[in-house]
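Summary of structural features
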2 protein chains.
Amino acid sequence: MNFILLSGGSGKRLWPLSNDVRSKQFIKIFRRADGQYESMVQRVYRQITETDPTATVTIATSKSQVSSIRNQLGEDVGICVEPCRRDTFPAIALAAAYLHYEKGIALDEAVVVCPVDPYVDNGYFETLAKMQKYAQQDSANLVLMGIEPTYPSEKYGYIIPKTKDDVSAVDCFKEKPDAATAADYIRQGALWNGGVFAFKLGYLLKTAHELIDFTDYRDLSGKFDTVTKISFDYAVVEKESSISVVRYNGTWADIGTWNTLAEAMEESTVGDVRLNETCENVHVLNDLNMPVLCMGLKNVIVSASPQGILVSDKEQSSYIKPFVDAIDQQVMFAEKSWGSFKVLDVEEESLSIKITLMPGHRLHYHSHQHRNETWNVVRGEGLAVVDDVETRLYPGSVLQLPAGCKHTVMAHTEMTIIEVQMGKDISASDKVKYSLEEKYGLHP
Amino acid sequence: MNFILLSGGSGKRLWPLSNDVRSKQFIKIFRRADGQYESMVQRVYRQITETDPTATVTIATSKSQVSSIRNQLGEDVGICVEPCRRDTFPAIALAAAYLHYEKGIALDEAVVVCPVDPYVDNGYFETLAKMQKYAQQDSANLVLMGIEPTYPSEKYGYIIPKTKDDVSAVDCFKEKPDAATAADYIRQGALWNGGVFAFKLGYLLKTAHELIDFTDYRDLSGKFDTVTKISFDYAVVEKESSISVVRYNGTWADIGTWNTLAEAMEESTVGDVRLNETCENVHVLNDLNMPVLCMGLKNVIVSASPQGILVSDKEQSSYIKPFVDAIDQQVMFAEKSWGSFKVLDVEEESLSIKITLMPGHRLHYHSHQHRNETWNVVRGEGLAVVDDVETRLYPGSVLQLPAGCKHTVMAHTEMTIIEVQMGKDISASDKVKYSLEEKYGLHP
């Protein structure tokens, strides 16, 4: 099966565990059977590949998420980078072009498009397989997922199917209604629109070529900023008469606030957390290396990361965004394709960070114009290259990197480095990248 | 006036702002007129010296508090170190011996003994001056402070005065009663025992020599561990017939729990804290360099330091001690006579700390057997001495200190150093101190 996963999202509503470079879907909150924690992205990717080990998965996303995706899903997953945000139709068109023109997927193969962050059970993926099958069989040009509603929500669009069968032609669509109208729709047998679509690749590319003037993936990517913003619903769904809907009635949650996230947690705490016996309905996510002690709290969420600390009544937590907007702060932690970093200390003219490199990975070969750096290797072994000269690194190695020097480090084992940056104008944008000879044969 | 301030206390009840080396009285929570924050110790010391600029103040304490006292009060305050804890009578006897045998205070001078951490207004110090005057005038051998009770507390001892005058002879003492009995005492005109005593130095030393076999301060200090534990109340007050009590009716609070501390805070937050408009009766003390955001909380205290994070219902916060006892953790921050440090990062075989040195101060000249260290100077200027060789330090200086080398740094301006410690057996006890030639003329 071919999957396109749409990965959008911002870092505001689940602050402080999300930030400007880590959207909510990358927060590791779900405990796997082996005791490790996984993120929403990792969970959905695992569920897809467990349901269909031969699945081809492509994530349609922005540049800012590429490092996190590589860090969490590795090198096997396809990534289609949107040069800028142009709403869902251009994003899906670009991903479809990527699959055909770059990956060679045939035009008569079915593709399933779904969000990267639904909180669902395995039945959801069986439904995706059915949708793919119906799309492949040409039973309709477009196959949608209809979620069996559990209450008259005002948050979702509604699909009215023609029959009550597991798969049915669609009678009509209804935009987000008020609660009374929603209850009326539900009595008529309406389903929530899950934002999941299946179609043949050729169908979507034909529609894309009709609406956008482009030749192939690279051409579309190059002119992406000139493409009209339009949603997939307006551009495709509303104009199509041959649509089927497949029912899904399992767990389906949109984890967009601390409150809904807490409901999806299997255990009430993550990290070093102690709750006394008088706490009720308390969830704590602690990403710091220090204990959190909670006493006598009711209906409270506590969340801590190097970015900050949130303590909120659960219901109030959905109003967080303007408060986070008002906090002007730099990124204090990030996952990168090569590992991760977190800020340990900030002074006016220095910044100390902890860098963790995964084995076999390396930093870009780069230099800084306005800052000197010192690397204190505290764990692991690797090879540094400074102005094309190699130096082996061990625990205890100290390397001074004056402004202007080209430098990188390749980790042979997992490495931890305390990097002290010194300069009057320390900025993430003060970086020039260089190519490094292929002889090192490592991941970039 | 001569003051002996008794400074005891542990780091449990006000965790995480207190720890094994910082007792509650050193937490900076009170905002001064100039906007700076001061601790309970600093507040009381300032109030004493503002009331009497010529006051001689000696703090009777344990070795573990000396660094914090020097850091917060400087070099002028006297410190009498109890070699071990032997209850209040030996502690006061040792301090009295220190005043006479080491500081040359005459036997006919009056001395006032009081706790280091009462939360009081300036009238308290005027009352101390009266007590000192009555003791000096020999109006009684012992002068006590009687606090006008505000409710029938079961927590305090009661003093029954013979008259309702501002100063009165004492009729009798009552141990901590139940509430009904306390109400009865209050109807009889009883006062709370404030734990404050004034006497002539000769009186106390005579009593001390009667109860303990010692010659002078050094002799008593040397045999302190063999002295019988006994409180000042049992050893002196209960046996004395010539006792006066002086009334005090201003603010008087024992700040021993987060709940009482919150009541004494002039503003509801300290540090980078944001409360939304739905918070009620919330106090937040944030000692971390990151924002704390609170939403929709009621009657909650939040406290954060490098030691950990507490989020507690205010009433529940008084039950904190067993939970803190159960947290097995190293000291993550401390104030030292030369400045302060905090732990930035802990790995199995490394520890990274941030050291701040006050100008004109230096570390002890010392070496470690089992660890190498690297100093990354990020702010300020000074002079390092490594195996008797001097090196000037500037922002950006990096100094490698292998195990065994003798090293120190003297700060010419306020300095900040990121110290990376490396070794299999990193321990605060792995330290050998050396004397440094006097030519540097700096504080030890």
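What counts, and where the lines are drawn
- Residues numbered from 1 in each chain as written.
- Chains lettered and ligands numbered in written order.
- Predicted model: local features only at pLDDT ≥ 70, side-chain atom pairs only at ≥ 80, totals over all residues.
- Heavy atoms only, no water.
- Helix = DSSP H or I, 4+ residues; strand = E, 2+ residues; numbered from the N terminus.
- Rg over C-alpha atoms; globule rule 2.2 N^0.38 Å.
- Buried < 20%, exposed > 50% of the residue type's maximum accessible area, 1.4 Å probe, protein only.
- Areas by Shrake-Rupley, 256 points an atom, 1.4 Å probe, with all protein chains shown as cover.
- Lys, Arg positive; Asp, Glu negative; His and termini not counted.
- Charge placed at Lys NZ, Arg CZ, Asp CG, Glu CD.
- Least-squares fit on C-alpha atoms with pLDDT ≥ 70 in both.
- Contact = heavy atoms within 4.5 Å.
- Salt bridge = Lys/Arg side-chain N within 4 Å of Asp/Glu carboxyl O.
- Pairing = 2+ DSSP bridges.
- Buried area = accessible area lost by both parts, 1.4 Å probe.
- Expected span 1.5 Å × (residues − 1).
- pLDDT = per-residue confidence, 0-100.
- Axes fitted to C-alpha atoms, helices over the stretch in contact; angles between N-to-C directions.
- Parallel < 35°, antiparallel > 145°, perpendicular 65-115°, else oblique.
- Left-handed = near helix turned anticlockwise from the far one by under 90°.
- Nonpolar A, V, L, I, M, F, W, Y, C, P; charged D, E, K, R; others polar.
- Phe/Tyr/Trp six-rings, centres within 6.5 Å; stacked < 30°, edge-to-face > 60°.
- 1 Å grid on protein atoms, 1.4 Å probe; cavity = no way out; pocket = protein on both sides within 12 Å on 5 of 7 lines; lining within 4 Å.
- Points joined across faces, edges and corners; volume = space filled by probe spheres on them.

A few words on the overall build of chain A. Broken down by element type, chain A carries ten helices and 30 strands. Computed over its C-alpha atoms, the radius of gyration of chain A comes to 24 Å, within 12% of the 22 Å expected for a compact globule of 444 residues. The burial tally for chain A puts 55% of its 444 residues in the buried class. With the model as given, the accessible surface of chain A reaches about 18,500 Å², and the carbon-plus-sulfur share is 46%. Across chain A, the centroid of the 45 positively charged side chains sits 0 Å from that of the 60 negatively charged ones.

The next subject is the relation of the copies chain B and chain A. One chain copy maps onto the other through a rotation about an axis and a shift parallel to that axis. Its rotation angle being 180 degrees, the transformation that places chain B on chain A also includes 0.0 Å of axial translation and leaves an RMSD of 0.1 Å. Taken together, the rotation and translation describe the operation of a two-fold axis. In terms of proximity to the rotation axis, the leading residue of chain B is B:Leu344, whose C-alpha is 3.0 Å off the axis. Of the residues that chain B buries at the interface, 100% are likewise interface residues in chain A, meaning the two copies contact each other through the same surface.

What follows deals with the pattern of salt bridges. Counted by the stated rule, this structure contains 52 salt bridges over all chains. Its salt-bridge partner being A:Glu347, residue B:Lys354 comes within 2.7 Å of it at the nearest N-O pair. Pair noted here: B:Lys354 is in strand 22 (residues 350-357) and A:Glu347 is in strand 21 (residues 339-347), and the two residues belong to different chains. As far as the burial class goes, B:Lys354 and A:Glu347 line up, both buried. A salt bridge links B:Lys321 to B:Asp325, with the nearest nitrogen and oxygen atoms 3.3 Å apart.

All names here are of chain B. With six of six residues buried, strand 8 (residues 142-147) is to be regarded as a mostly interior element. The sheet contact formed by strand 8 and strand 12 (residues 243-248) spans six bridges and is parallel. Residue pairing for strand 12: leucine 144 is matched across the bridge by valine 245. Here strand 8 runs beside strand 11 (residues 191-200); their pairing, made up of four bridges, is antiparallel.

Across the contact, 54 residues belong to chain B and 55 residues belong to chain A. For the pair chain B and chain A, the summed buried surface comes to about 4,100 Å²; carbon and sulfur atoms form 66% of the total. For chain B, the biggest contributors to the area lost against chain A are B:Leu293, B:Met295 and B:Ile309; these three give 17% of the whole. For the interface between chain B and chain A, the tally reads six salt bridges. The partner of A:Glu347 in a salt bridge is B:Arg379, and the shortest N-O contact between them spans 3.0 Å. Among the elements that take part in the side of chain B that touches chain A, strand 19 (residues 308-313) of chain B stands out by supplying six residues, more than any other. Bridge count for strand 19 (residues 308-313) of chain A against strand 17 (residues 292-295) of chain B is four bridges, and the pairing is parallel.

With twelve residues, helix 1 (residues 40-51) of chain B should cover 16 Å at 1.5 Å per step; its first-to-last C-alpha distance of 16 Å lies within 8% of that length. Burial in helix 1 of chain B covers these residues: B:Met40, B:Val41, B:Gln42, B:Arg43, B:Val44, B:Tyr45, B:Gln47 and B:Ile48.

Now for the confidence of the model for chain A. Here chain A averages 93 in pLDDT, and 98% of its residues register 70 or above. Both scores are given for the predicted complex: the pTM is 0.89, the ipTM 0.89.

One open sheet accounts for six strands, arranged 15(A)-17(A)-19(B)-18(B)-16(B)-14(B); its pairing is mixed. In the strand order of this sheet, the two ends are held by strand 15 (273-275) of chain A together with strand 14 (269-270) of chain B, each with one partner. Judged from the six bridges that link them, strand 18 (residues 300-305) of chain B and strand 19 of chain B form a sheet pairing that is antiparallel. In the strand pairing of strand 19 of chain B, B:Ile301 is matched with B:Ser312.

Residues and elements named next belong to chain B. Taken together, the six strands give an open sheet; going across it, the order is 20-21-22-29-24-27, and neighbouring strands pair in antiparallel fashion. The open sheet has two edge strands, strand 20 (333-336) and strand 27 (398-401), and neither has a second partner. The mean angle between the axes of side-by-side strands here comes to 20 degrees, regardless of whether they run parallel or antiparallel. By the bridge criterion, four bridges tie strand 20 to strand 21 (residues 339-347) in an arrangement that is antiparallel. When the sheet's bridge partners are listed, glutamate 335 is paired in strand 21 with serine 340. Each of strand 20 and strand 21 touches helix 2 (residues 66-73); the most contacted strand, strand 20, lies at about 65 degrees to it.

Bringing the packing of helix 3 (residues 88-102) of chain B against helix 6 (residues 201-211) of chain B into the picture now. All names here are of chain B. Following both chains from N to C, one finds helix 3 and helix 6 inclined at 120 degrees, their axes separated by 9 Å at the closest point. When the interaxial angle is binned, helix 3 and helix 6 end up oblique. Remark: the crossing between helix 3 and helix 6 carries left-handed chirality. Contacts from Phe89, Ile92, Ala93, Ala96, Ala97, Leu99, His100 and Tyr101 of helix 3 reach helix 6 at Leu201, Leu204, Leu205, Thr207, Ala208, His209 and Leu211. Considered class by class, the residues forming the contact of helix 3 with helix 6 number twelve nonpolar, three polar and no charged.

With that settled, consider the pairing of strand 21 of chain A. All names here are of chain A. Between the end of strand 20 (residues 333-336) and the start of strand 21, which pair antiparallel, lie two residues. Pairing analysis gives eight bridges linking strand 21 to strand 22 (residues 350-357), with the strands arranged antiparallel. Bridge assignment links serine 340 to a residue of strand 22, and that residue is threonine 356. Between the antiparallel neighbours strand 21 and strand 22 lie two residues.

Now for the packing of aromatic side chains. All names here are of chain A. Considering all chains together, one arrives at 24 aromatic pairs over all chains under this definition. Here tyrosine 98 and tyrosine 217 contribute two aromatic rings whose centre-to-centre distance is 5.3 Å and whose plane-to-plane angle is 70 degrees, an arrangement assigned as edge-to-face. In this pair, tyrosine 98 is assigned in helix 3 (residues 88-102) and tyrosine 217 in helix 7 (residues 217-222), connecting sequence segments 119 residues apart. We note that tyrosine 98, like tyrosine 217, is buried. With a centroid separation of 5.5 Å and an interplanar angle of 80 degrees, the aromatic rings of tyrosine 151 and tryptophan 192 are classed as edge-to-face. Of the two residues, tyrosine 151 is situated in the loop between strand 8 (142-147) and strand 9 (158-161) and tryptophan 192 in strand 11 (residues 191-200); the sequence distance between them amounts to 41 residues. The partly exposed category is assigned to tyrosine 151, whose relative accessible area is 41%. Taking the relative accessible area as the measure of exposure, tryptophan 192 reaches 4% and is therefore buried.

As a further point, take empty space enclosed by the protein. Residues and elements named next belong to chain A. All chains considered together, the criterion is met by three cavities of 30 Å³ or more. Looking at the largest cavity, its volume works out to about 40 Å³. If you go around the largest cavity, the residues you meet are Ile29, Phe30, Arg31, Tyr37, Ala264, Met265, Glu266, Glu267, Thr269 and Val270. Looking at the lining of the largest cavity, the elements with two or more residues in it are strand 2 (28-31) and strand 14 (269-270). Top contributing element to the lining of the largest cavity by residue count: strand 2, with three residues. By residue class, the composition of the lining of the largest cavity is six nonpolar, one polar and three charged.

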